[in-house]
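# Chains, contacts and geometry: an overview
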Amino acid sequence: MKRILALVLALLSCVGLLSGCGGDTAGDPADAQTGDGTRPSIIRFSADSTPKIDPAVITDLVGSVCVENLYDNLTYPDETPNLATDWEASPDGLEYTFHLKEGVKFHSGNDLTASDVVFSFNRFKTIGQGFAYLFDTVEECVADDDYTVRFVLAEPLGSFMGIIWQLYILDEETVMANIVDDGTYGEYGDYAMAWLLDNDAGSGPYTATEMVHSDYFLASRFPDWHMGWEGRENAPEQFQAIYLTEPSTQQTMMANQELEISSPWFAPENYEALDEIEGVELAFTTWACTQYIFFNTQAAPTDDLNYRKALSCLLDYESFLGPVFYGAERSVGPVSSAINGHNDSCTTYNYDIEQAKEYLAQSRYADTYQDIELECFLLDSAPALEKMMLSLQANCAQVGITMNIRKGPWLTYQEQISNPDSAPNVSTCNITPSVNDAASVMRTLFGSATQGTFENPTWVSTPELDERLDTAVTILDTDERNAAAMELQDYVMAELCASAPVADMANPYAYQSTYIDWPVADYYNETSQRLRLNLSSTTDTGGLEYVRGKWNSRCSGEMRRYREEHQWRRRLPGTLLTLMCESQGSERD
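Residues numbered from 1 in each chain as written. Predicted model: local features only at pLDDT ≥ 70, side-chain atom pairs only at ≥ 80, totals over all residues. Heavy atoms only, no water.

## Considerations on the overall build of the protein
Within the protein one finds 16 helices and 20 strands. Counting across all 589 residues of the protein, residues that qualify as buried make up 60%. Put simply, of all contacts in the protein between residues at least 6 apart along the chain, 72% involve residues at least 24 apart. Carbon and sulfur atoms provide 44% of the accessible area of the protein, an area that totals close to 21,600 Å². (Helix = DSSP H or I, 4+ residues; strand = E, 2+ residues; numbered from the N terminus. Buried < 20%, exposed > 50% of the residue type's maximum accessible area, 1.4 Å probe, protein only. Contact = heavy atoms within 4.5 Å. Areas by Shrake-Rupley, 256 points an atom, 1.4 Å probe, with all protein chains shown as cover.)

## Overview of the pairing of strand β5 (residues 138-145)
In this structure, β5 lies alongside strand β6 (residues 148-153), joined through six bridges in antiparallel fashion. Looking across to β6, one finds that V138 is bridged to L153. The loop that links β5 with its antiparallel partner β6 comprises two residues. (Pairing = 2+ DSSP bridges.)

## Looking at the pairing of strand β13 (residues 373-379)
The buried count for β13 comes to five of seven residues, which makes it a mostly enclosed element. For β13 and strand β14 (residues 402-408), the ladder comprises seven bridges, and the chain directions are parallel. Directly across from L379, in β14, lies its bridge partner G408. In this structure, β13 lies alongside strand β15 (residues 426-431), joined through two bridges in parallel fashion.

## A look at the packing of helix α12 (residues 438-446) against helix α14 (residues 478-496)
For the pair α12 and α14, the least separation of the axes is 8 Å and the interaxial angle reads 35°. Contact with α12, carried on its side by A438, A439, M442 and F446, involves R481, A485, L488, Q489 and V492 of α14 and no other residues of that element. Taken together, the residues that form the contact of α12 with α14 break down as seven nonpolar, one polar and one charged. (Axes fitted to C-alpha atoms, helices over the stretch in contact; angles between N-to-C directions. Nonpolar A, V, L, I, M, F, W, Y, C, P; charged D, E, K, R; others polar.)

## Let's talk about the sheet that holds β15
Taken together, the six strands give an open sheet; going across it, the order is β12-β16-β11-β15-β13-β14, and neighbouring strands pair in mixed fashion. Every interior strand has two partners, whereas the edge strands, β12 (329-330) and β14, have only one. On the sheet, helix α10 (residues 383-398) packs against β11 (290-295), β13, β14, β15 and β16 (499-504) and is oriented at approximately 160° with respect to β14.

## What about helix α1 (residues 61-70)?
With nine of ten residues buried, α1 is to be regarded as a mostly interior element. When α1 is considered as a whole, its buried residues turn out to be V62, G63, S64, V65, C66, V67, E68, N69 and L70. In this structure, the buried side of α1 is in contact with β2 (42-47), β7 (206-212), β8 (216-221) and β9 (238-243).

## Topic: the packing of aromatic side chains
Describing an aromatic ring pair means giving the distance of the ring centres and the angle of the ring planes. Under the defined criterion, the tally for this structure stands at 24 aromatic pairs. Consider the rings of W87 and F98, whose centres lie 5.9 Å apart with planes at 35°: the pair is tilted. Of this pair, W87 sits in strand β3 (residues 84-89) while F98 sits in strand β4 (residues 95-100), and the two are eleven residues apart along the sequence. Here the aromatic rings of Y206 and F239 are separated by 5.3 Å at their centres, their planes lie at 75°, and the arrangement is edge-to-face. (Phe/Tyr/Trp six-rings, centres within 6.5 Å; stacked < 30°, edge-to-face > 60°.)

## Thoughts on the environment of Y168
Position of Y168 relative to the elements: it lies in the loop between α3 (160-163) and α4 (172-177). By relative accessible area, Y168 is classed as buried at 5%. Sequence separation between Y168 and Y71 is 97 residues; the distance between their C-alpha atoms is 6.0 Å. Ignoring anything within four residues of it in the chain, the contact list for Y168 reads P55, V67, E68, Y71, D72, N73 and S120.

## Topic: the sheet that holds β4
Reading across from one edge, β3-β4-β6-β5 is the order of the four strands in this open sheet, with antiparallel pairing throughout. The open sheet terminates on both sides in strands that have one partner only, identified here as β3 and β5. When the angles between neighbouring strand axes are averaged without regard to direction, this sheet yields 20°. As paired strands, β3 and β4 are joined by five bridges and run antiparallel to one another. Opposite D86, over in β4, you have H99 as the bridge partner. With respect to the sheet, helix α2 (residues 114-127) is in contact with β4, β5 and β6, its orientation differing from that of β5 by roughly 165°.

## Concerning the pattern of salt bridges
When charged atoms on two side chains of opposite charge get close, those side chains can pair. The full count for this structure, using the stated rule, is 15 salt bridges. A salt bridge links R150 to D144, with the nearest nitrogen and oxygen atoms 3.0 Å apart. For D303, the salt bridge identified is with R364, shortest N-O distance 2.9 Å. Of the two residues, D303 sits in the loop between β11 and α7 (305-312) while R364 sits in the loop between α9 (353-362) and β13, which places them 61 residues apart along the sequence. Salt bridges linked by common partners bring E95, D144 and R150 together as one network. (Salt bridge = Lys/Arg side-chain N within 4 Å of Asp/Glu carboxyl O.)

This is the structure in structure tokens:
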């Protein structure tokens, strides 16, 4: 089976494979052409922030792109081998044993052994940031010998094999050689967190070359990557994440071939302009990403259930799907339809001014809500979302609610939501799940352990909810776990209404089609020649999504039939959009 290089552009997405089809020399990453007229072998993509490249702290899109290329994990998200050659679980689901591939080298030249896996797990759990919460029930990682590791769980975790890929393996010797002694982790100092801001300690296909904060991150091929480079001659010699937020800047760089892949966060009119550039195509993807409106359930007046239901009825959902959310479809419940265990019969709220008035009349603020100003936070780097929030503001005014919209950067948002006293009444954010399991997604969105994070800014908490969430994830039988998750989805929407899921997103990228081979775009071109923006359409512009090992298309019926006819399957991260390290394209079973 061929191996591909995953350059992840999402935590959960459909599979797409990409090759840089330029010259064989790296060249100057700042120039579109080298001095002799050949194209530099580099993939440059837009980043909305300086990437974090420490696996223990990443949660964002750009950081995930970089870390997936700098480091290796035991398995890929679809449970195919990477560093682990095989594995087994105990019948009670409390132990998982992995057997490691021998001869793997870190970028330092050190051998990768079980000791490095144990060290990486302990570091991840101790720092406790990023996706460490997914491993709360994992008590320890033990090295049984140099190439065997065993994970011991306090209780069964039905999605364990779906989260283990989030553990990236670091070179223990390199990390310990770069610690700052006066850190907060005892004998481990700062666990080399300062050093790992700009450097890596991985074994992945690329190694960190240069980090210029608030500008770019550059990485280059690791010649001794354990998967090898034979047959991958068209793989880029380098990749570069460039800090860009202005659509006009990205448009100019795409026109000058100084950028290979754009941001996925543009307004529809920006994509129209990009699509007009010669040699630039649009590729639509879906990451199981959902756009939410979140309510602070601890602050007046959104601490009242009926008030939150009223707000949910003031959102004109269908009107957002074309002009605001390019190619999206209406969400049904808090879990994306791409996730295993989604409840497609979940309680939903529709745009209905009169129903909103009825809910307000039933709230404990029925006599005072017109005197209470509603505070809303909007990210200033997401101009398309302003249309949605202005629409909500106008609809609130129709029923006598005053909603103030305040803008700010991502860091300000994170600081505000970290405390229920400072969290806004209303905010909006899109969330891409870290595991393809509805029970786990629900616990992340609404469990006490994640309160105050961008994934759970609602501060909703009840003993009953926590007990049901904790119980659901321990169920080993997939069908039973999904049934519990479906009940939870309806319960949260009907009885708590802590958020208003707005849209299951279809995330479009503009890319250089004349010299970039990106088969994810071909999936659309083969059936409809090109997938273009239709501002008047609110359906049938979604993407392909990977669910339970097979393609499930949310776009046209024609494409669905095409998928069924060809029965495409993906061997490597079914949940990841990737850049490919071989020019042959993706495998078909």
